[in-house]
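Chain by chain, the residues:
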Amino acid sequence: MQYHTFTMLAFGLALSVASSAVRADEKVEYGQYLSGSCVTCHQLSGADNGIPAIVGWDKEAFVEVLNSYKTKERENKAMQVIAVGLSKEEMEALAAYFGSLKPKE
Amino acid sequence: MKLTRREFNAAAGAAGLTLGLGTATQVFGASHSKPKVVVIGGGTGGATAARYIAKDSKGGIEVTLIEPTKRYYTCYFSNLYIGGLRDYESLGHSYDKLASEYGINVVHDWAVTVDRKKKVVVLGSGSMVPYDKLIVSPGIDLKFESVAEGYSLADQAIFPHAWKSGTQAKLLKAKIEGMKQGGTFLMVPPPNPFRCPPGPYERISMIANYFKKNNPKAKIIILDPKDKFSKMGLFQDGWERHYKGMIDWQPLSSLGGLKSVDTANGEFKTDLDTFKADAACVIPANTSGQIAKTAGLANDKGWCPIDPASMKSKVDGDIYVIGDASVASAMPKSGFSANSQAKVCAMAVRGELTKSKVFPAKFANTCWSLIAPDDGIKVGATYKAGAKKIEPTAKFISKNGEDADLRKATYEESVGWYDGITKDIFG
């Protein structure tokens, strides 16, 4: 009985880990698609030349900054317009994708 | 009954025909190889589309890019070169990485016709390039005859349009630098619709910046076929602040239109007045690059209608048109737009060929213009694919009275963007 429960628990845990991993992958894939609009200005290499680098950021910080453009707390007309057009899901996907990248040396 | 290639393949497959039979080899070979995408035009739209398809298909799609020039000089930022703020070679970009890092077959040749029935592009050299999907990104051509009676291609050597970059940009700069002290520089901007709506006015700003330092008594006259222009209030405010008294903008409607241009004597005759120019920039009306018309993709206005969700041509389900030549409705004809449309197109093409995921189309554009060193302005928007056309979802534009720090930051953003977009296009 104990063994059976343990197996079920382990199986359940494995399933939930697997499904959250799938969700994370999907977020990164969706983020990669959405990033097409970002990368002409925010370079994937992490170079920051008049436009800040956004690679390798903490995901929550990323979403927070985008939200602060959405509420117009932060100034930058282009970013405000872009952020207004992004849903929470899209911001999280972008955060997942850019967060997964490392700046080039 | 005439067999299509597909029917022949199916029959050949069913009959278990082996390789070795002449015609069968070609057809059989074609059906077993990777899907082929051909891109006509290696400018901002075409090169972006080629790179994204090659990169995101991970080698699953064979991409051929047909582009006559071996080094691409961007039209955007050419005004900064003309104004002396940027060097010429910084505008130039090579196709090397697209060939060596992305495995794209870069063919330096002209696409002369498209046989849409056979799905083959015919090149100037005579080579025939088959496609499963074709992306046409030819940019613009100029309608010289639309300027005034007798105006032709020959006149671009004296009054450069520099509305395609490279040699013409260098020529225009030489004309500006060679103009006599205290002379008159004249510009005729194009009528709507044209590539880069704020471009002629940024150019005027940059020329004025050059004159301010090197030819302070020079005058600039603009004879505009339009009654208003992009970011007009912002430019006029900037001209007043930086180049007071130098620039005179006149709509041709108030002069009765441009009747004739005498290139030899530098005379521009309108109904009311004749203007004498010591140097000039004449930008004729724009139209789609010729290949789009030859391929039958353009409407009677000379631009190519597309399906907004994918940039697919409304004329042919296997052909896509992106960039300046497309009817992209609310999106201005710009490099930023071409690059944005290319990515939507690349995603749609990969979806059709490899069943990869296709997300809803999203587009964006930002146009930065430099009025004077460190005084930059911008205008832009985000867009979605509406049911019938591309529609804006939100817009922004700079405002008069912004402080110098913001204007400087706006300019610096544009420099960062130039680096970013050219890497995004050429690798």
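Residues numbered from 1 in each chain as written. Chains lettered and ligands numbered in written order. Predicted model: local features only at pLDDT ≥ 70, side-chain atom pairs only at ≥ 80, totals over all residues. Heavy atoms only, no water.

Draft legend 1. Representation of the overall build of chain A. Broken down by element type, chain A carries 4 helices and 0 strands. If you list the helices and strands of chain A from N to C, you get α-α-α-α. Expressed as a percentage of the 105 residues in chain A, the buried residues total 35%. Counting only contacts in chain A whose residues sit at least 6 apart along the sequence, the fraction spanning at least 24 positions is 62%. A total of about 6700 Å² of accessible surface is found on chain A, and carbon and sulfur atoms cover 60% of it. (Helix = DSSP H or I, 4+ residues; strand = E, 2+ residues; numbered from the N terminus. Buried < 20%, exposed > 50% of the residue type's maximum accessible area, 1.4 Å probe, protein only. Contact = heavy atoms within 4.5 Å. Areas by Shrake-Rupley, 256 points an atom, 1.4 Å probe, with all protein chains shown as cover.)

Draft legend 2. Layout of the packing of helix 2 (residues 59-70) of chain A against helix 4 (residues 88-99) of chain A. Residues and elements named next belong to chain A. Between helix 2 and helix 4, whose axes approach to 9 Å, the crossing angle comes to 135 degrees. Between helix 2 and helix 4, the interaxial angle falls into the category oblique. Crossing geometry of helix 2 relative to helix 4 is assigned as right-handed. Here K59, F62, V63, L66, N67 and K70 of helix 2 come into contact with helix 4, specifically with M91, E92, L94, A95, A96 and F98. Among the residues making up the contact of helix 2 with helix 4, the classes are represented as 8 nonpolar, 1 polar and 3 charged. (Axes fitted to C-alpha atoms, helices over the stretch in contact; angles between N-to-C directions. Parallel < 35°, antiparallel > 145°, perpendicular 65-115°, else oblique. Left-handed = near helix turned anticlockwise from the far one by under 90°. Nonpolar A, V, L, I, M, F, W, Y, C, P; charged D, E, K, R; others polar.)

Draft legend 3. Structural context of the pairing of strand 13 (residues 247-251) of chain B. Residues and elements named next belong to chain B. Counting buried positions over the 5 residues of strand 13 gives 4, a clear majority of the element. Where strand 12 (residues 219-224) meets strand 13, 5 bridges bridge the pair, whose relative direction is parallel. In the strand pairing of strand 13, I220 is matched with I247. Taking the sense of rotation as the criterion, the β-α-β connection linking strand 12, helix 8 (residues 232-242) and strand 13 turns out right-handed. (Pairing = 2+ DSSP bridges. Right-handed = clockwise from strand over helix to strand, strands pointing away.)

Draft legend 4. Here's a closer look at the pattern of salt bridges. Residues and elements named next belong to chain B. Counting across every chain of the model gives 26 salt bridges over all chains. K180 is the salt-bridge partner of D278, the closest N and O atoms lying 3.5 Å from each other. Separated by 98 residues along the polypeptide, D278 in the loop between strand 16 (274-276) and strand 17 (279-282) and K180 in the loop between helix 6 (167-178) and strand 11 (184-188) bring together distant segments of the chain. The class for D278 is partly exposed, based on a relative accessible area of 35%. In this structure K180 comes out as exposed when scored by relative accessible area, which is 53%. With a shortest N-O distance of 3.1 Å, R241 and D375 are connected by a salt bridge. Of this pair, R241 sits in helix 8 while D375 sits in strand 24 (residues 375-385), and the two are 134 residues apart along the sequence. (Salt bridge = Lys/Arg side-chain N within 4 Å of Asp/Glu carboxyl O.)

Draft legend 5. Representation of the environment of K180 of chain B. The sequence separation of K180 of chain B and N215 of chain B amounts to 35 residues, and the corresponding C-alpha distance is 8.1 Å. Setting aside residues up to four positions removed in sequence, K180 of chain B forms contacts with N215 and D278 of chain B.

Draft legend 6. Local environment of the interface of chain A and chain B. Contacts between the two partners involve 21 residues from chain A and, on the opposite side, 32 residues from chain B. In this assembly, chain A packs against chain B so that about 2000 Å² is buried in total across both faces, 60% of it on carbon and sulfur atoms. Looking at the side of chain A facing chain B, the largest losses of area belong to Y33, T40 and K77 of chain A, adding up to 31% of the total buried there. Where E90 of chain A meets K362 of chain B, a salt bridge forms, and the shortest distance between an N and an O atom there is 3.4 Å. The interface formed by chain A and chain B holds 10 residue pairs in polar contact (both at pLDDT 80 or more) in total. Going through the elements one at a time, helix 1 (2-34) and helix 3 (77-84) of chain A are the ones with two or more residues in the side of chain A that touches chain B. Top element by residues in the side of chain A that touches chain B is helix 1 of chain A. It accounts for 5 residues. Here the residues of the side of chain A that touches chain B are counted per class, giving 10 nonpolar, 8 polar and 3 charged. (Buried area = accessible area lost by both parts, 1.4 Å probe. Polar contact = N/O pair within 3.5 Å; in protein donor to acceptor, adjacent residues only side chain to side chain.)

Draft legend 7. Structural context of the side chain of K226 of chain B. Residues and elements named next belong to chain B. Here K226 is to be found in the loop between strand 12 and helix 8. Within the local environment of K226, its side chain forms a polar contact with the side chain of Y201, the two groups lying 2.8 Å apart. Only 3.0 Å separates the side chain of K226 from the side chain of D224, close enough to count as a polar contact. K226 has contacts with P189, P190, P191, N192, F194, Y201, W249 and P251, leaving out every residue within four places of it along the chain.

Draft legend 8. Spotlight on the packing of helix 6 of chain B against helix 7 (residues 199-214) of chain B. Residue and element names in this part refer to chain B. Two elements in contact, helix 6 and helix 7, have axes whose closest approach is 11 Å; the angle formed by their N-to-C orientations is 40 degrees. Classified by the angle between their axes, helix 6 and helix 7 sit oblique to one another. Relative to helix 7, the crossing made by helix 6 is right-handed. On helix 7, the residues touching L172, I176 and E177 of helix 6 are R203, I207, Y210 and F211.

Draft legend 9. Local environment of the confidence of the model for chain B. All names here are of chain B. When pLDDT is averaged across chain B, the result is 93; 93% of the residues are at 70 or more. Scored below 50 in pLDDT, residues 7-30 makes 17 contacts in the model with residues more than four places away or belonging to other chains. Predicted as a complex, the structure gets a pTM of 0.89 and an ipTM equal to 0.78. (pLDDT = per-residue confidence, 0-100.)

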